[in-house]
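Residue strings, one per chain:
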Amino acid sequence: MGLTIAQKIIKEHLVSGDMTPGSEISLKIDQTLTQDATGTMAYLEFETMGLKRVKTEKSVAYIDHNTLQSGFENADDHRYIQSVTSKHGIYFSRPGNGICHQVHLERFGKPGKTLIGSDSHTPTGGGIGMLAMGAGGLDVAVAMGGGAYFITMPKMYKVNLTGKLNPYVTAKDISLEILRILSVKGGVGAIIEWGGEGIKNLTVPERATITNMGTELGATTSIFPSDDVTKAFLKAEGREEDYIPLCSDPDAVYDKVIDINLDELKPLIACPHSPDNVVTVESLKGTKVDQVCIGSCTNSSLMDMLKVAAMLKGKVISPSVSLSISPGSKQVLRMLADCGALSDIIASGARILESACGPCIGMGFSPNSAGVSLRTFNRNFEGRSGTADAGVYLVSPETAVAAALTGEITDPRTLGGSIEINMPESFKIDDSAVIAPAPESCADSVEVLRGPNIKPFPESKPQVDNFTAEVALKVGDNITTDHIMPAGAKILPYRSNIPHLSQFCFGVCDKTFPERAKALGESIIIGGSNYGQGSSREHAALVPMYLGVRVVITKSFARIHVANLINSGIMPLTFKNADDYDKINQGDKLTLSNVFDGMEKGAIILKNETNGAEIELVCEFTDRQKKILKSGGLLAFTKLGE
Ligand code: MIC
Ligand code: SF4
């Protein structure tokens, strides 16, 4: 039987397990990346492991999320990351050099290699044929130390593209179309391979938009073949030697095949508050728009920016719209400046933000009260923009510019004509903002600089055999990590200070949760399906752990979050019958008995002491996961020398 692209890379990197979907496998990791919001914790964890140098082929630490620096906290954390990475052999991408995924694609990603990153949009690298996955910071720390990365062997899905995109219809619309078809849960447990005639006309930045947004499907990752398009991109980046051809075998077998005809695709838009809430742009025609933001790791490439500049050239934006533009990297920004496109953007009245995540993670540029914000980003979760009652819509750069010019949601096709841009054959190569680590011979003399914002790592507890606790919180379906541990300008600076962060846990759902959980001492959370979707932030597990949450029981979990819960020593359980969710209320007292026996059998009976209900829970863990839970988390497990 032939292999898919992902199966070929997995086979080459397999450390343990067999490639049967649903079983646990572990992979050798060639490259890692971190960003600053998750990186501080990841490097603190790496230090705890006591290793001198990273064992990967390339590890890079990016500073791109926490760049507002409205106090000492971020600057201190940046200094910590710069010094700790220098000591341990990791490259450091300075603030201003760009968004991790954009820069990694441009400068470091390689087809056929494995990459894990402490950011859920690491699958962007799939645009050049990498097996690139998001992971919790601790898993990235372990991989930096040479440890394997454990995942459940995914199923294989294929999306076949036929036809050709019409003017003003874009890769972003392809991403929104697949979200419309599959939903935010539709990719869970799967790797999505993109192929068919239609991919020939998609450039690497367009492919990367699609693999980036595959994260919103809950997929393990997404991947394109490595072909002539990939080769041309790597050549333009002066890295032709990194090219290898990679495609699936003609007789590769897929668990699901989806066909999309690009000829028929229209401009699409995801409505508040979920990326799969997709309708056509024309159906919302005339909706007044207050704000437009262009950028993020989804749509900040040179190609995106040149199109935006071409559409804005010679025009002035609507007086009722505030437009922000964040080019994805220093390379993109410099090339825009050199060709004059930046001047066209500035002249239009846009506000130029630095090459960083910015508004995407609520780091400035929050919309006005009840404002309508059109964004070229990948997530529109409630409250993520920093304005609780804002309505955030996700669109392509073309649809974003159309709204910025007219002041209302506008199908860009009605602007007429088509956008002509000239992509350069080679990009401006300047890696001066990537600082190489200190040579191994002098690493001992590098001092690691720690600011007062870094607080000790919270202590986790081993799981016990019998346990009674109260339900501190009951929530519904599709709870995101932005609900569990919100980000934004006011909270994000405290990512290395768990006690401070804990005050904001579940703030979007119930501001009284942190106090209640603390008062209970130990507690349980009940959730619906796809619990923990969204980001890779391990803080969404570490903070509940700090607040005493010992068990989370849901209808189903998102992939990275469930790994983070186990790594933090919190036991994730699911209802055998989803309807039993209704038999538990917030405030109920629950007893779990003979947990260790249940782990062996894969099932456990929960007794609701408040209403007498007995409920069967699925308690399926691999041997390694059982040991981690019994040790009180991955760090404790690693320290025990396992
Ligand atoms: C996000 O887009 O939600 C983030 C911020 O990049 C997160 C990482 C984080 O929370 O620091 C992600 O996607 O993993
Ligand atoms: Fe940054 Fe937004 Fe991309 Fe997350 S999704 S890495 S916050 S640009």
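Higher on the page you've got the structure.
Residues numbered from 1 in each chain as written. Chains lettered and ligands numbered in written order. Predicted model: local features only at pLDDT ≥ 70, side-chain atom pairs only at ≥ 80, totals over all residues. Heavy atoms only, no water.

> Please set out the overall build of the chain residue by residue, giving values where relevant.
Secondary structure summary: the chain contains 20 helices and 27 strands in total. What you see for the chain is a C-alpha radius of gyration of 24 Å, in line with the 26 Å of a compact globule of 642 residues. Taking the principal axes of the C-alpha coordinates as reference, the chain spans close to 70 × 60 × 55 Å. Within the chain, the proportion of its 642 residues that are buried is 62%. (Helix = DSSP H or I, 4+ residues; strand = E, 2+ residues; numbered from the N terminus. Rg over C-alpha atoms; globule rule 2.2 N^0.38 Å. Buried < 20%, exposed > 50% of the residue type's maximum accessible area, 1.4 Å probe, protein only.)

> Describe the packing of aromatic side chains, with residues and values.
Applying the stated criterion to the full structure yields five aromatic pairs. Where Trp194 meets Phe224, the ring centres are 6.0 Å apart and the plane angle is 10 degrees; that geometry is what we call stacked. Pair noted here: Trp194 is in strand E10 (residues 190-195) and Phe224 is in the loop between strand E11 (221-223) and helix H8 (228-236), with a separation of 30 residues, a long-range link. The burial state of Trp194 is the same as that of Phe224; both residues are buried. Residues Phe575 and Tyr581 carry aromatic rings whose centres are separated by 6.3 Å and whose planes lie at 85 degrees to one another, so their mutual orientation is edge-to-face. Across from the ring centre of Tyr581, 4.5 Å away, lies the NZ or CZ of Lys555, which sits over that ring. The cationic tip of Lys630 hangs over the ring face of Phe596; the distance from NZ or CZ to the ring centre is 4.8 Å. (Phe/Tyr/Trp six-rings, centres within 6.5 Å; stacked < 30°, edge-to-face > 60°. Lys NZ or Arg CZ within 6 Å of the ring centre and 35° of its normal.)

> Residue-level account of the side chain of Ser59, with values.
Within the element layout of this structure, Ser59 appears in strand E4 (residues 58-62). At 2.6 Å, the side chain of Ser59 forms a polar contact with the side chain of Thr56. Once residues within four sequence positions are removed from consideration, Ser59 is found in contact with Thr32, Val54, Ile90, Tyr91 and Met144. (Polar contact = N/O pair within 3.5 Å; in protein donor to acceptor, adjacent residues only side chain to side chain. Contact = heavy atoms within 4.5 Å.)

> Break down the environment of Leu336 for me, citing the residues and quoting the values.
With respect to the secondary-structure elements, Leu336 resides in helix H10 (residues 330-339). Each C-alpha atom of the pair Leu336 and Lys627 lies 52 Å from the other, and the pair is 291 residues apart in sequence. Among residues more than four places away in sequence, those in contact with Leu336 are Leu302, Met305, Leu306, Pro327, Ala341, Leu342 and Ile345.

> Account for the sheet that holds strand E6 (residues 114-117), naming residues and giving values.
In spatial order, the strands read E7-E6-E3-E4-E5-E20; together these six strands make up an open sheet with mixed pairing. The open sheet has two edge strands with one neighbour each: strand E7 (131-134) and strand E20 (434-435). Pairing between strand E5 (residues 91-93) and E20: two bridges, direction antiparallel. Its bridge partner being in E20, Ser93 is matched across the sheet by Val434. (Pairing = 2+ DSSP bridges.)

> For the site of ligand 1, give the residues involved together with the corresponding values.
Near ligand 1 lie 14 residues; those nearest to it are Asp119, Ser120, Arg384, Ser536 and Arg537. In this structure, His65 approaches ligand 1 through a side-chain N or O atom, which is 2.8 Å from an oxygen atom. One nitrogen or oxygen atom from the side chain of Arg384 is found 2.8 Å from an oxygen atom belonging to ligand 1. For ligand 1, the accessible surface in isolation is 330 Å², of which the surrounding protein chains cover 97%. (Near = heavy atom within 4 Å. Areas by Shrake-Rupley, 256 points an atom, 1.4 Å probe, with all protein chains shown as cover.)

> Describe in detail the packing of helix H6 (residues 171-182) against helix H7 (residues 204-213), supporting the description with residues and values.
Between H6 and H7, the shortest axis-to-axis distance is 8 Å and the interhelical angle comes to 25 degrees. Compared by their axis directions, H6 and H7 come out roughly parallel. The crossing of H6 and H7 is right-handed. Contacts between H6 and H7 pair Ala171, Lys172, Ile174, Ser175, Leu176 and Leu179 from the former with Glu206, Thr209, Ile210 and Met213 from the latter. In terms of residue class, the contact of H6 with H7 is built from six nonpolar, two polar and two charged. (Axes fitted to C-alpha atoms, helices over the stretch in contact; angles between N-to-C directions. Parallel < 35°, antiparallel > 145°, perpendicular 65-115°, else oblique. Left-handed = near helix turned anticlockwise from the far one by under 90°. Nonpolar A, V, L, I, M, F, W, Y, C, P; charged D, E, K, R; others polar.)

> How would you sum up the packing of H7 against H8? Please name residues and give values.
Contact geometry of H7 with H8 gives a least axis separation of 9 Å together with a crossing angle of 110 degrees. Looking at the two axes, H7 sits roughly perpendicular to H8. Where H7 approaches H8, its residues Val204, Pro205 and Arg207 are matched on the opposing element by Val229, Thr230 and Phe233. Here the residues of the contact of H7 with H8 sort into four nonpolar, one polar and one charged.

> Describe the site of ligand 2, with residues and values.
If you check the shell around ligand 2, you find His65, His101, Asp119, His121, Ser296, Cys297, Cys357, Cys360, Ile361, Asn378 and Arg384 and nothing else. Along the lines of polarity and charge, the residues of the shell around ligand 2 split into four nonpolar, five polar and two charged.

> I'd like a description of the sheet that holds E11, backed by residues and values.
Sheet architecture is open: four strands sit in the order E11-E10-E9-E12, paired in parallel fashion. Of all strands in the sheet, those bounded by a partner on one side alone are E11 and strand E12 (256-261). Across the sheet, the mean angle from the axis of one strand to that of its neighbour is 20 degrees, orientation sign disregarded. On top of the sheet, helix H1 (residues 5-13) reaches strand E9 (155-162), E10 and E11; it is set at about 125 degrees to E10, its chief contact. The sheet contacts of H6 involve E9, E10 and E12, and relative to E12 the element is tilted by about 135 degrees.

> Give a description of the pattern of salt bridges that names residues and reports values.
Note on pairing: side chains with opposite charge can pair once their charged atoms come close. Within the structure shown, the criterion is met by 31 salt bridges. One salt bridge in this structure joins Glu237 and Arg107, with 2.8 Å as the shortest N-O distance. You can see Glu237 sitting in the loop between H8 and E12 and its partner Arg107 sitting in helix H4 (residues 100-107), a full 130 residues away along the chain. Here Glu237 and Arg107 have matching classes, each one buried. Across the salt bridge formed by Lys626 and Glu600, the nearest N and O atoms sit 3.3 Å from each other. With a gap of 26 residues between them, Lys626 in helix H19 (residues 623-631) and Glu600 in helix H18 (residues 595-601) connect regions that are remote in the sequence. Residue classification places Glu600 among the exposed positions, given a relative accessible area of 51%. (Salt bridge = Lys/Arg side-chain N within 4 Å of Asp/Glu carboxyl O.)

> How would you summarise the nonpolar core if you had to cite specific residues and measurements?
In terms of nonpolar packing, the biggest core is built from 65 residues, with Phe506, Phe513 and Tyr531 touching the most fellow members. The greatest single-element share of this core, amounting to five residues, is contributed by helix H16 (residues 539-546). The contacts of Phe513, once residues within four sequence positions are left out, are Ala472, Leu473, Cys505, Phe506, Ile525, Leu547 and Val549. Ranked by size, the runner-up nonpolar core spans 55 residues in total, among them Val321, Ile345, Val372 and Phe427. (Core = buried A, V, L, I, M, F, W, Y, C linked by side-chain atoms within 4.5 Å.)

> Pulling in residues and values, what's your account of the pairing of strand E2 (residues 24-27)?
As paired strands, strand E1 (residues 14-16) and E2 are joined by two bridges and run antiparallel to one another. Looking across to E2, one finds that Leu14 is bridged to Leu27. As paired elements, E2 and strand E8 (residues 149-152) share four bridges and run antiparallel to each other. Bridged to Leu27 within E8 is Tyr149.

> Give a description of the pairing of strand E15 (residues 291-294) that names residues and reports values.
Covered by surrounding structure in E15 are Gln291 and Cys293 together with Val292 and Ile294, the residues of both alternating faces. Bridging between E15 and strand E16 (residues 322-325) involves four bridges; their strand directions are parallel. Each bridged residue has a counterpart across the sheet, and for Cys293 the counterpart in E16 is Ser324. As a crossover connection, the stretch from E15 through helix H9 (residues 302-312) into E16 is right-handed. (Right-handed = clockwise from strand over helix to strand, strands pointing away.)

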